[in-house]
Amino acid sequence: MDLAYIPSPSTGVIHLGPIPLRGYAFCIILGVFVAVWLGNKRWIARGGTAGTVADIAVWAVPFGLVGGRLYHVITDYQLYFSEGENWVDAFKIWEGGLGIWGAIAFGAVGAWIGCRRRGIPLPAYADAIAPGIALAQAIGRWGNWFNQELYGKPTDLPWALKITESTNREAGLYHPTFLYESLWCIGVALLVIWADRRFKLGHGRAFALYVAAYCAGRGWIEYMRVDEAHHILGLRLNVWTAIVVFLLAVLYMVLSARMRPGREEIVEPRSRKPVDPETPEDAEKSVDTEEPVDMEKTERAEKADDAPEDSDDVENGAGNGAGSAAKG
């Protein structure tokens, strides 16, 4: 008899009053909000403007969702295009299935578009949001718990995950790989925050550290999973992806530190339009921006101007009086 285990939810739907919300979608949405919130704080601390992270996220998030879904469908095409499967299910993103590799790659394209529109360097933006992305992944992994998917090998550990029987799974106790990855991502976020403060990482190196640290954990966690996947030389496809991306991230950190040491001084330049006094509109602006007249100074000046005139009148009056007396 198993005395301790992690139970799985009886349903993957959360009801917000009369509105049904799937747990998987809820975790994804919550993760995005946390990423934007933390990224905004870090961006402001770097000298950026409040709201910039959210504005660029409007581009990055949709691209990331599309890329994550495409990666999942392409690498697990047999789930949707094999005999007896319904290809329409490939569009049912709420049922689970987002590949982080595709999400990061396509999300970077969306972020690049948003950064380019605002004249912001993409590496600086990536450094600001890196810990937030890790936390978003930590939260998003709980969506797999709601769907009872992506668990590991059978185990009798006290923190084993209890899976109920369904069409594509057998009931039993398994390693909660979703929990392992969630905790690992929290550690990655803390590591990046600490390293960024300690070493003043810049030019995309904080983001590269996040990628490398995540891949290091994803490799051994992926190795524990028992869900169907493609294998190359005995290793799951995602394990190979983690190895390759890890090496690329480390290489980027080394080369970037040599070629562009330090950190960006300005992450969001403020552009000012030159004023052309020949145009009527600019002339009006120049009039409006003139310094206001100091009435107190004006009154003192007027009094100073009046003072000599009064003294002259007195002197003239005195002189006339003296002259009259002499004549008399």
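These figures come from a predicted structure and were not determined experimentally.

## Description of the overall build of the protein
Argument step 1. Across its full length, the protein holds eleven helices and six strands.
Argument step 2. In the protein, buried positions account for 37% of the 328 residues.
Argument step 3. Here the analysis covers contacts within the protein between residues at least 6 apart in sequence; of these, 71% occur between residues at least 24 apart.
Argument step 4. Carbon and sulfur atoms make up 63% of the accessible area of the protein, which amounts to about 20,100 Å² in all.

## Here's the deal with the pairing of strand β2 (residues 19-22)
Argument step 1. By the bridge criterion, four bridges tie strand β1 (residues 13-16) to β2 in an arrangement that is antiparallel. Across the sheet, the residue bridging to valine 13 is arginine 22, located in β2.
Argument step 2. The antiparallel hairpin formed by β1 and β2 contains two residues in its connecting segment, where glycine 17 sits at a positive phi of about 70 degrees.

## Details of the nonpolar core
Argument step 1. Of all hydrophobic cores here, the largest spans 38 residues; its most connected members are Trp43, Trp101, Tyr125, Val192, Phe207 and Tyr210.
Argument step 2. Every element with two or more residues in this core is listed here: α2 (52-75), α4 (100-118), α5 (122-140), α7 (177-199), α8 (205-224) and α9 (237-259).
Argument step 3. Those residues in contact with tryptophan 101 that sit more than four places away from it in its chain are Tyr71, Tyr214, Cys215, Arg218, Asn238, Thr241, Ala242 and Val245.
Argument step 4. Residues Trp145, Tyr151, Ile163 and Tyr174 belong to the second largest nonpolar core, which totals nine residues.

## Some details on the side chain of glutamate 181
Argument step 1. Note that glutamate 181 resides in helix α7.
Argument step 2. Under the relative-accessibility criterion, glutamate 181 is labelled buried at 3%.
Argument step 3. In terms of polar contacts, glutamate 181 uses its side chain to reach the side chain of tyrosine 214, at 2.7 Å.
Argument step 4. In this structure glutamate 181 touches Gln137, Arg141, Tyr214, Arg218 and Ile221, once residues within four positions along its chain are discounted.

## Some points on helix α1 (residues 23-45)
Each turn of an α-helix holds 3.6 residues, which means side chains three or four residues apart point in the same direction.
Argument step 1. Compared with an ideal rise of 1.5 Å per residue, which puts 23 residues at 33 Å, α1 spans 33 Å between its outermost C-alpha atoms and is within 8% of the ideal.
Argument step 2. Here α1 has its buried residues at Gly23, Tyr24, Cys27, Gly31, Ala35, Leu38, Gly39, Arg42 and Trp43.
Argument step 3. In this fold, the buried residues of α1 make contact with β1, β2, α2, α5, α6 (142-147) and α7.
Argument step 4. One or two steps after α1, the chain reaches glycine 47, where phi turns positive at roughly 105 degrees.

## Some remarks on a nonpolar patch on the surface
Argument step 1. On the surface, Tyr77, Phe81, Trp87, Val88 and Phe91 cluster together into a nonpolar patch covering about 580 Å² of accessible area.
Argument step 2. One can find valine 88 in the loop between α3 (78-81) and α4.
Argument step 3. Valine 88 sits in the partly exposed class, given a relative accessible area of 34%.

## Quick word on the confidence of the model for the protein
Argument step 1. Scored by pLDDT, the protein has a mean of 83; 81% of the residues are at 70 or more.
Argument step 2. Scored below 50 in pLDDT, residues 271-293 makes four contacts in the model with residues more than four places away or belonging to other chains.
Argument step 3. Contacts from residues 308-328, a stretch scored under 50 in pLDDT, to residues over four places away or in other chains number zero contacts.

## Let's talk about the pattern of salt bridges
Argument step 1. Inspection of the entire model under this criterion finds 13 salt bridges.
Argument step 2. Among the ionic pairs, arginine 236 bridges to glutamate 222, the shortest N-O distance being 2.9 Å. Of this pair, arginine 236 sits in strand β6 (residues 235-236) while glutamate 222 is found in helix α8, placing the two residues 14 residues apart along the sequence. Assigned by exposure class, arginine 236 and glutamate 222 land together as buried.
Argument step 3. Residues participating in the shared-partner salt-bridge network are Arg141, Glu181, Arg218, Glu222, Arg225, Asp227 and Arg236.

## Regarding the packing of aromatic side chains
Argument step 1. Counted under the stated rule, the structure contains eleven aromatic pairs.
Argument step 2. With 6.2 Å between their ring centres and 75 degrees between their planes, tryptophan 87 and phenylalanine 91 make a pair best called edge-to-face. Each member of the pair, tryptophan 87 together with phenylalanine 91, is exposed.
Argument step 3. Site record: aromatic cluster; members linked through ring pairs are Trp142, Trp145, Phe146 and Phe178.

## Here we look at the side chain of arginine 218
Argument step 1. Locating arginine 218 in the fold gives a position in helix α8.
Argument step 2. Residues within four places of arginine 218 in sequence aside, it is in contact with Ile100, Trp101, Arg141, Glu181, Arg225 and Asn238.

## Concerning unusual backbone geometry
Trans peptide bonds make up most of the peptide bonds, and negative phi angles are found at most residues other than glycine.
Argument step 1. Look at glutamine 148: it is not a glycine, yet its phi comes out positive at around 50 degrees.
Argument step 2. By the secondary structure assignment, glutamine 148 is in the loop between α6 and β3 (161-163).
Argument step 3. Looking at glutamine 148, the relative accessible area reads 8%, which means it is buried.
Argument step 4. A positive phi angle, close to 55 degrees, is found at histidine 203, a residue other than glycine.
Argument step 5. With respect to the helices and strands, histidine 203 occurs in the loop between α7 and α8.
Argument step 6. What makes histidine 203 buried here is its relative accessible area of 10%.

## Description of α7
Argument step 1. The end-to-end C-alpha distance of α7, which contains 23 residues, comes to 32 Å, matching closely the 33 Å that a straight helix rising 1.5 Å per residue would cover.
Argument step 2. Those residues of α7 that sit buried are Thr177, Phe178, Leu179, Tyr180, Glu181, Ser182, Cys185, Val188, Ala189, Val192, Ala195 and Asp196.
Argument step 3. Those residues of α7 that are buried are in contact with α1, α5, α6, β3 and α8.
Argument step 4. Two residues or fewer after α7 comes lysine 200, characterised by a positive phi angle close to 55 degrees.

About the cut-offs
- Residues numbered from 1 in each chain as written.
- Predicted model: local features only at pLDDT ≥ 70, side-chain atom pairs only at ≥ 80, totals over all residues.
- Heavy atoms only, no water.
- Helix = DSSP H or I, 4+ residues; strand = E, 2+ residues; numbered from the N terminus.
- Buried < 20%, exposed > 50% of the residue type's maximum accessible area, 1.4 Å probe, protein only.
- Contact = heavy atoms within 4.5 Å.
- Areas by Shrake-Rupley, 256 points an atom, 1.4 Å probe, with all protein chains shown as cover.
- Pairing = 2+ DSSP bridges.
- Core = buried A, V, L, I, M, F, W, Y, C linked by side-chain atoms within 4.5 Å.
- Polar contact = N/O pair within 3.5 Å; in protein donor to acceptor, adjacent residues only side chain to side chain.
- Expected span 1.5 Å × (residues − 1).
- Patch = residues over 30% accessible without salt bridge, like charges linked within 9 Å, V, L, I, M, F, W, Y side chains within 5 Å.
- Salt bridge = Lys/Arg side-chain N within 4 Å of Asp/Glu carboxyl O.
- pLDDT = per-residue confidence, 0-100.
- Phe/Tyr/Trp six-rings, centres within 6.5 Å; stacked < 30°, edge-to-face > 60°.

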